[in-house]
Amino acid sequence: MKNYIKADEWNIIEEGFDPHLNKISESIFSLGNGRMGQRANFEETYSGETLPGNYVAGVYYPDKTRVGWWKNGYPEYFAKVLNAANWIGIEVKIGDEILDLSAAEVSDFKRILNMHEGYLERSFTAKLKSGKTVKVKSTRFCSIADDEVGAIRYSISALNFDGQLTLTPFIDGDVKNQDSNYDEKFWEAVNDEISENEAYLTLRTKKTAFEVCTGSSVQLFKNKEEVKFTAEDIRKEKFVGQTFSVEVKANDEITLYKIAANLSSENHPKASLLANCKSVIKNAAAKGFDALLKEQVEAWATKWQESDIIIEGDVAAQQAIRFNIFQLFQTYTGKDDRLNIGPKGFTGEKYGGSTYWDTEAYCVPFYLATAPQEVSKNLLVYRHKQLGKAIENAEKLGFNRGAALYPMVTMNGEECHNEWEITFEEIHRNGAIAFAIFNYIRYTGDQSYLFDYGLEVLIGIARFWKQRVNWSSDKQQYVMLGVTGPNEYENNVNNNWYTSTLAAWCLKYAKEAADIVKNQQPEKYNSLVKALNFDEAEFADWADIVEKMYYPVDEEKGIFLQQDGYLDKEQILVKDLPASERPINQKWSWDRILRSCFIKQADVLQGLYFFEEDYDLDTLKRNFDFYEPRTVHESSLSPCVHSILAAKLNDEARAYEFYLRTARLDLDDYNNDTEDGLHITSMAGTWMSVIEGFAGMRVREDKLQFNPFLPGKWKSFSFTIGFRGTTLKVQITENGINIKNSGSIDLEIGIRDQYYKLAGNAEIEVDNATLV
Ligand code: BGC
C-alpha cells in the first residue's frame, strides 16, 4: 500500500520524483479515449524503470500457445494487446547532453491528471551533469472529441545558460511488448514519410496484418513567437523523426506542439490509411492545440454532467470515485460495437486487453446509468456479433445444434485463454452474458433488443446449458459436472451452485424472451426459429431442467454449498491465516490453494447478488456470514459484491469497509500491482458499491428504487444517472434523500418501501423521519 498521491477533488497529483514509483504512476496517470490510450510515459528520454505503453483499440497479436501438454480443444493462440508506436516521443538535447530524468538532478517534479478536463500535465526542473538547468512543462491528452487525435504541448526554458537546444519529436514503432516471448517484435514497417513539419509511419502487425498509421505535425515557438525551422529528417528502422536546433539565451522558453493521429485499418481501408491520416493531421493541426483542448474540455464536461458522483466530507473518497469514473470513460466510449473493455483498459499489457465476463457482470451496470443507452447496447451487440464464433467454440468442445459457448477471454470471439480449467470449465461467463441482456432490458425497458439481437444469443446459450448438464439416474436430477465457478481457487468441481443456478435461470429467461418475441413480433420470431432450426420441443427440455436441476445445499447450516463436497474441506477462516501467508496466490502452491476452503471472490454470493429477489434476507445473511469469512478477495472484482450485499443486510460498517478496498485500489497501490496497469473493470464495481450499495438503487418493475444510507465519514453524497429518457440527480444527506428530475418525463420512485410521484422537472425530498 502506498500513499503518495495527494488528495484533491478533481486532480490526481504526484509531487516529487521517486523513480521507484514511476511505473505505478505511469499506470495511474494513463490517458485514453476509447480508441487509443497510453501509459503516462515521459515524452523525453528516460533510461530508468519504465513500462512503455501505447495501445490502439482492436489491434492485437495472436501469440503461440502450443505447449507440451497440449490438449484437444485448446485455443490456438493467446491474444495480446500490442504495444504500438510511441507517438509522444520528443528527444531533448541541451548542448550535447540528453535530457534524461534518470541521469539529471530533478526538482519541483509534479504530475497532475486533470480529470475534469481530461489532460495530463507534468512539470519539473532538471539540472544536468554540466550544471545547465532547464524547466519543463508538458501537457497532453488523447482527444475524446476526435478519438484518432492526440496532442502535446512541451515547453522547455533554459534557466541558467545560453546555448543550443535540440529537439527531436519522433514516432517510434520499433517497440515490443514486455510480455513477448524471446523479445519478439510484433510490428513490421509498411511505409514512412517525412515532409516539412509532418512525419508518418505505417506499421503492420505480424500474423493479424492490422495496419496502423501514426502521424504527427509539429510547430515550434520561441518566447511565444512561432519559429520557422528546417529540420533534419531522421529515419531508422520503424522510426521517423525530425531534428531541429534553436539557439537560446537564459530564460528563453521554447514550446513544441506535437499533434498526432493514430488511424487503424479497423476503421480505414489499408490503401487510404496514409492519405486519411494526413487529412486527420491537417485538420487537427489547423485547429491547433488550444482549440483541440477546448473540445476535449467540453467533451469531458458532458461526460461529467451525465455521471459525476459528489462526496462531501471526504476528499480522498471523492478523488477515488472520480478517478474510477474517469478511467472507465477513457477506456470505453461505446461508439464502436467491435470494441470492449479489457480488465486493464489501455493502461498495461496484462490480461491481453481482451474481453472477460467482467464486462457483463460489472461494467454494463455502470454504463447503463451513466452514458447514453447506445453505449451499453453496443457492449451487448459486441457479443451478438460474436455469436457465430461462440457456436464454433462450442462445436470444438463437442457441442452441436447451435449451442453457443462464449469465450472466457477474447478479442474477436475466439477463445484465447489457454488454461483448461478456465477455457473449458469457467462456463458461467455464458450466464453473465445472458444476465446482461436481462439487465439492459430491465434498466432501459428496451425490449426491442430481444427482437434484433437478444433472443438469438439467448437461444444459443440455452442450447449450450441443455447439452452441458446431464441426467443423474442416481439423484434423479440434472447435474453439472466439471466446472470452475467464479472462485478460481477450485477447479473441476461438480455442481457449482452459482453455475447451476445461473444455467437454470438462463433456460427460464430464454423461454420468456422467446414468448415476448413471439407475441410482439411473430414474423421476426418465425424467421429466427427457421434460421436457427429451432424446434419448440426444445422448450420442454429446458423446462424439465429448470424443474429438476440439482443444487447442493447444507440444510443444517441453511446455506447453498459452493459445490458438492465443499464442507469436506478443512474449514479455516481467513482471519486465522497469518499475514505472512497472504495473498495465498503468491505464497502457496496451487495444489494447496485448490485443496483449501479459501475462496478467491464472490461465488455463491455472486448468485445471491444477481438473483436477490429470489432469496429472503435471512438466507442472504446465512450465506454471507458463512462465505465471506472464507473469502480472500484476491480478485479486485470481489469486494464490491460484498459491499453491496453488506449494505443490503444493513451492515453499513462492513459495506463501507469493502468499498474502501476497491475505491483506492490503484491510487494507493493496495495490491502492489498497479505498475502492471489499472484494474479498470473493478472500477465499475466501485461505482456499483456506491450506487447499488450505499444508495441501494435497483430497477424493479420499470421503476427506480432507493434504499439509501450515508457512510459515517461522509457529510453527503450525490450522483447523476440517466434513466429512461431523463436525468436524475440524487442526493443523500444525513437528513434524507432528495431527487431532482431534470427531464420532462414523469416517474414514480421507490424510497425504502414507499412509492412517490416525481414529475418532470420537479424534485422530491424525503427525510429520514418519514423513512422507517
Ligand atoms: C478473476 C476473473 C476475472 C479476471 C479478469 C481474474 O483474477 O478471477 O473473475 O474475469 O481476473 O479481471
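These numbers come from a predicted model, not from an experiment. (Residues numbered from 1 in each chain as written. Predicted model: local features only at pLDDT ≥ 70, side-chain atom pairs only at ≥ 80, totals over all residues. Heavy atoms only, no water.)

## Description of the UniProt feature "domain: Glycoside hydrolase family 65 central catalytic" (unreviewed entry) in the chain
Those residues carrying the UniProt feature "domain: Glycoside hydrolase family 65 central catalytic" (unreviewed entry) are residues 322–688 in this numbering. Between the C-alpha atoms that bound residues 322–688 there is a distance of 13 Å. The span itself is 53% helix and 3% strand. (UniProt positions renumbered as here; feature names shortened; annotations may be inferred. Helix = DSSP H or I, 4+ residues; strand = E, 2+ residues; numbered from the N terminus.)

## Comments concerning the domain arrangement of the chain
You can read the domains of the chain as domain 1 (5–305) and domain 2 (716–771). Put simply, the middle of domain 1 and the middle of domain 2, counted by C-alpha atoms, are 44 Å apart. (Domains from an automatic or database assignment.)

## Let's talk about the packing of helix 4 (residues 315–331) against helix 20 (residues 680–694)
One way to put it is that helix 4 packs onto helix 20 with a least axis distance of 9 Å and a crossing angle of 135°. By the angle class used here, helix 4 and helix 20 are oblique. As for how helix 4 packs across helix 20, the hand of that crossing is left-handed. The segment helix 4 lies against helix 20, with I321, F323, N324, I325, Q327, L328 and T331 engaging I680, M683, A684, T686, W687 and V690. (Axes fitted to C-alpha atoms, helices over the stretch in contact; angles between N-to-C directions. Parallel < 35°, antiparallel > 145°, perpendicular 65-115°, else oblique. Left-handed = near helix turned anticlockwise from the far one by under 90°. Contact = heavy atoms within 4.5 Å.)

## Overview of the sheet that holds strand 27 (residues 698–700)
Ordered by their spatial adjacency, 4 strands build an open sheet running 27-28-32-33, and the pairing between neighbours is mixed. Of all strands in the sheet, those bounded by a partner on one side alone are strand 27 and strand 33 (754–758). Going from strand to strand, the sheet's axes swing by 35° on average, the running direction of each strand aside. Across 5 bridges, the pairing between strand 32 (residues 747–751) and strand 33 is antiparallel. When the sheet's bridge partners are listed, I749 is paired in strand 33 with Y756. (Pairing = 2+ DSSP bridges.)

## Let's talk about the site of the ligand
P343, Y351, Y356, W357, D358, E488, K600, Q601, S635 and L637 make up every residue found near the ligand. Between W357 and the ligand, the recorded distance is 3.0 Å, taken from a side-chain N or O atom to an oxygen atom. A distance of 2.5 Å separates an oxygen atom of the ligand from a polar side-chain atom of Q601. For the ligand, the accessible surface in isolation is 310 Å², of which the surrounding protein chains cover 91%. (Near = heavy atom within 4 Å. Polar contact = N/O pair within 3.5 Å; in protein donor to acceptor, adjacent residues only side chain to side chain. Areas by Shrake-Rupley, 256 points an atom, 1.4 Å probe, with all protein chains shown as cover.)

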